[in-house]
Amino acid sequence: MFRSLNTRLLISYVLVILVCLALVGLGLLVFLRTSPLWTNLIALRLDAAARATMPTLRPALNSPEALSSLLAAAADEQEVHILLVDDRNVVRFDSEEAWVGEQLEEVARLRAVQNRIQGTFTAPNGGRWIFAGQMIPASGGGRQSLLFVAPRLTALVWFAENLLPPLLQAGLVALILSVLLALLISRSVSKPLRRVANAAEAIARGEAGTRAPASGPAEVRALARSFNTMVDQVEAAQQSQRDFVANVSHELKTPLTSIQGFSQALLDGTASTPEATARSARVIHDEAERMRRMVDDLLTLARFDAGQMALARDPVEIGPLLQGCVEKLMPQAQAAQVTLVLDAPEQLLVAGDADRLAQVFANLIDNGVAHSPAGGRVTVAARQLAEESVIEIGVTDTGKGIPSEALSRIFERFYQVDESRPRKRGAGLGLAITREIVEAHGGAIAAESVMGLGSKFTVRLPAQ
Ligand code: ADP
C-alpha cells in the first residue's frame, strides 16, 4: 500500500505539514502565555464598546428603566456583556440577566481620566473576568459603575478560539497543494521510468534496435543511458558470438573438405599407386594438423577469456629467450632465404612466463619470415628504455608491408590481411593470442608498416 512513489511522497508531505503546523502552533502558544497581548486585545475591544455606548446613555441617566432598555439594546448591538453595579459592587443590571442582585468579589479597579475605569473581578460563578467602563451618577444619588465585561480566557482557550481555525485552514490548503505536487512529481519520475521498462520489455521480446528514450529527471536519464549502453554491449557480444561461430565453421570447412576428398580417394581406389596413396595420406595428415593447431589456439584464447590462463611470474632473461626463438626459426628462414639478425644486450629481465613469451616472439619472427621475399631480412632488437623501466623488443622485416586500413585490425581474432591467398598459413589467430599474452604480462604491442618496405612489431614489457 505504501509501495508507490505517489503514496510515499504524499505521506512525507503530510508529515512535514503536520510537524510545521504543530511547531507554529506551539510557538504561538508559548508566545501567548508570556505576553499580555491577547488580554489587552479584549480590554481594548471592551473599551471601544464602552466609548461608543456612553454618549447614547446621557438622556436616560435619571430613569433606571430607560437606562436598562438602552443598555440591553447596546449589548445586543455591540455583542458585549454589560453590567451595572452599585457602590457596594452589587449587580443592578445584567444584559444577560444572570447575576442581578449578586455581589462581585475582588474588584480591582483602575481609575483613568474622566471617571473611566478598567480592571478585573471574580464573577459569582468563580471565573475571573475583565472589564472596561465608566462611573456614572445613580438615579437615587451616589455613584454606580457601568461595566463592559468579558471572561478573562486562558491562553489555551483564546488560542483555540482565535488562532487555531486559520492555522487549520492553512493546513488544509497545504494538504491540497501537497496532493497535487506529489501527483505531479511522481508522474514526472514514473512516466520516464515506465518508458525505460517498456524498452526493456521490447528488447526481451526480440525487437532489436529498441533504445530507451532519455527523458525525465537527471537520475532517470542516467538510468536510460546506462541501460542503452548495456544493450549496445549485449548486442555487440551477440554479434561477436555469431561472427565467431561463422569464422570457426569457415576455417574448418576447407581442411575438412580436403580430408574428405583424399580419404574418399583412398577408399574407392582412385589413389591406388603408392605415390598417390602417400600424397593423400600426407594431405590428410597436414590438414588434421592444421585443424589441431586451430583448436589449440581457440582453447588458449578461451582460457584467456575465462581468466583461467595461469601465467608464471618468473624472472625471464630476454636475451637468451630471443636467441632461442631465432635458433628455432633459423631452418625456416634459411629455406626462405631470409636473414635473421638478433641484437639483444645481456641482463634484460622481465617477470613472466618464459614459454608464453617465447610463443610471442616465435610468432612475430615466423610472420616476418613468412612475409619477406627471398633475400629479405628480419631483425630482432631489444633494449631497455632508461626513463621508464620498460623493455622494448622490436621485430622488423623487409616484407611487402601491411595496408594501413588493416593495421588497426591485425590483432583481431580471425582477421587476415589477404583472404584470397590460395594457401593460408593460419586462421588469423596468431596475433590475437600474441596480444593476449603481452597484455597479460602488463605490456602492450603495436604494429607499424610501410607498404613495399616492411613492417615492425613493437612489444613493450615492464622490466623486473
Ligand atoms: P595467421 O596466424 O593466420 O598468420 P596472424 O594473426 O599471425 O594470422 O596475422 C594476421 C594477419 O596479419 C595475417 O593475415 C597476415 O597476413 C598479416 N601479417 C602478420 N604479420 C605480418 C607481417 N610481418 N607482414 C605482413 N603481414 C603480416
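What counts as what
Residues numbered from 1 in each chain as written. Predicted model: local features only at pLDDT ≥ 70, side-chain atom pairs only at ≥ 80, totals over all residues. Heavy atoms only, no water. Helix = DSSP H or I, 4+ residues; strand = E, 2+ residues; numbered from the N terminus. Rg over C-alpha atoms; globule rule 2.2 N^0.38 Å. Buried < 20%, exposed > 50% of the residue type's maximum accessible area, 1.4 Å probe, protein only. Areas by Shrake-Rupley, 256 points an atom, 1.4 Å probe, with all protein chains shown as cover. Lys, Arg positive; Asp, Glu negative; His and termini not counted. Charge placed at Lys NZ, Arg CZ, Asp CG, Glu CD. Near = heavy atom within 4 Å. Polar contact = N/O pair within 3.5 Å; in protein donor to acceptor, adjacent residues only side chain to side chain. Nonpolar A, V, L, I, M, F, W, Y, C, P; charged D, E, K, R; others polar. Pairing = 2+ DSSP bridges. Axes fitted to C-alpha atoms, helices over the stretch in contact; angles between N-to-C directions. Contact = heavy atoms within 4.5 Å. Left-handed = near helix turned anticlockwise from the far one by under 90°. Core = buried A, V, L, I, M, F, W, Y, C linked by side-chain atoms within 4.5 Å. Domains from an automatic or database assignment. Patch = residues over 30% accessible without salt bridge, like charges linked within 9 Å, V, L, I, M, F, W, Y side chains within 5 Å. Salt bridge = Lys/Arg side-chain N within 4 Å of Asp/Glu carboxyl O. Buried area = accessible area lost by both parts, 1.4 Å probe.

Some thoughts on the overall build of the protein
Item 1. A tally of helices and strands in the protein yields eleven helices and 13 strands.
Item 2. The C-alpha atoms of the protein give 53 Å as radius of gyration, which overshoots the globular expectation for 464 residues (23 Å, by more than 25%).
Item 3. Principal-axis analysis of the C-alpha atoms places the extent of the protein at approximately 165 × 60 × 35 Å.
Item 4. A total of 464 residues make up the protein; the buried ones form 36% of that total.
Item 5. Total accessible area computed for the protein in this model is approximately 26700 Å², and 58% of it derives from carbon and sulfur atoms.
Item 6. In the protein, which carries 45 positive and 48 negative side-chain charges, the distance between the mean positions of the two groups comes to 4 Å.

Quick word on the site of the ligand
Item 1. Taken together, 20 residues lie around the ligand, and Asn367, Asp397, Val417, Gly428 and Leu431 are the ones closest in.
Item 2. At 3.1 Å from an oxygen atom of the ligand is found a side-chain nitrogen or oxygen belonging to His371.
Item 3. Note that a nitrogen atom of the ligand is positioned 2.8 Å from one of the side-chain N or O atoms of Asp397.
Item 4. For the ligand, whose free accessible area comes to 550 Å², the fraction covered by protein is 95%.
Item 5. Elements with a contribution of two residues or more to the shell around the ligand: α9 (354-370), α11 (430-440) and β13 (454-462).
Item 6. For the shell around the ligand, the per-class residue count stands at eight nonpolar, nine polar and three charged.

Observations regarding the sheet that holds strand β1 (residues 81-85)
Item 1. Pairing is antiparallel across the open sheet formed by six strands, whose spatial order is β2-β1-β6-β5-β4-β3. Both edges of this open sheet fall to β2 (91-94) and β3 (105-111), since each of them pairs with a single strand only. Strand-to-strand twist in this sheet, taken as the mean axis angle between neighbours without regard to direction, amounts to 25°.
Item 2. Relative to strand β5 (residues 128-137), helix α2 (residues 37-57) is tilted by about 25°, and along the sheet it contacts β4 (116-122), β5 and β6 (143-151).

Section: the packing of α9 against α11
Item 1. It is at 9 Å that the axes of α9 and α11 come closest, and there the two elements cross at 145°. For α9 against α11, the interelement crossing comes out left-handed. Side by side, α9 and α11 meet where Arg356, Gln359, Val360, Asn363, Leu364 and Asn367 of the first sit next to Gly430, Leu431, Ile433, Thr434, Ile437 and Val438 of the second.

Things to note about the environment of Ala72
Item 1. One can find Ala72 in helix α3 (residues 64-78).
Item 2. Classification of Ala72 as partly exposed rests on a relative accessible area of 33%.
Item 3. Taking the C-alpha atoms as reference, Ala72 lies 116 Å from His250; in sequence the two are 178 residues apart.

A word on the sheet that holds strand β10 (residues 377-385)
Item 1. As summarised here, the arrangement of the five strands in space is β8-β10-β11-β13-β12, forming an open sheet in which the pairing is mixed. Strands at the two margins of the open sheet, each flanked by one partner only, are β8 (339-343) and β12 (444-450). Across the sheet, the mean angle from the axis of one strand to that of its neighbour is 15°, orientation sign disregarded.
Item 2. As judged from the seven bridges shared by strand β11 (residues 390-397) and β13, these two strands associate in the antiparallel manner. Residue pairing across strands places Ile393 opposite Val459, the latter belonging to β13.
Item 3. Packed onto the sheet, α9 meets β8, β10, β11, β12 and β13 and runs at close to 170° relative to β13.

Details of the nonpolar core
Item 1. Formed by 47 residues in total, the largest nonpolar core has its most connected members in Phe361, Leu364, Ile365 and Ile393.
Item 2. For this core, the elements supplying multiple residues, two or more each, are α7 (274-305), α8 (318-335), α9, β10, β11, α10 (404-407), α11 and β13.
Item 3. Residues lining this core come from more than one domain, with at least three contributed by each of domain 2 (218-306) and domain 3 (314-462).
Item 4. Filtering out sequence-adjacent residues up to four positions away, Ile365 remains in contact with Cys325, Val326, Leu329, Leu340, Val378, Val380 and Val395.

A look at the side chain of His81
Item 1. Positionally, His81 belongs in strand β1.
Item 2. Note on His81: relative accessible area 9%, which makes it buried.
Item 3. With near-sequence residues (within four places) excluded, His81 lies in contact with Asp94, Ser95, Glu96, Trp99, Trp129, Leu147, Phe148 and Val149.

Notes on a nonpolar patch on the surface
Item 1. Together, Phe31, Leu37, Leu41 and Leu44 make up an exposed nonpolar region whose accessible area comes to about 380 Å².
Item 2. Among the elements that make up the nonpolar patch, the one with the highest residue count is α2 (three residues).
Item 3. Its location among the elements puts Leu41 in helix α2.
Item 4. With relative accessibility at 41%, the residue Leu41 sits in the partly exposed group.

Regarding the domain arrangement of the protein
Item 1. By the assigned domains, the protein splits into domain 1 (36-152), domain 2 (218-306) and domain 3 (314-462).
Item 2. The C-alpha-based centres of domain 2 and domain 3 are spaced at 24 Å.
Item 3. Taken together, the contact pairs 15 residues of domain 2 with 15 residues of domain 3.
Item 4. Between domain 2 and domain 3, the buried area comes to about 1300 Å², and carbon and sulfur atoms account for 58% of it.

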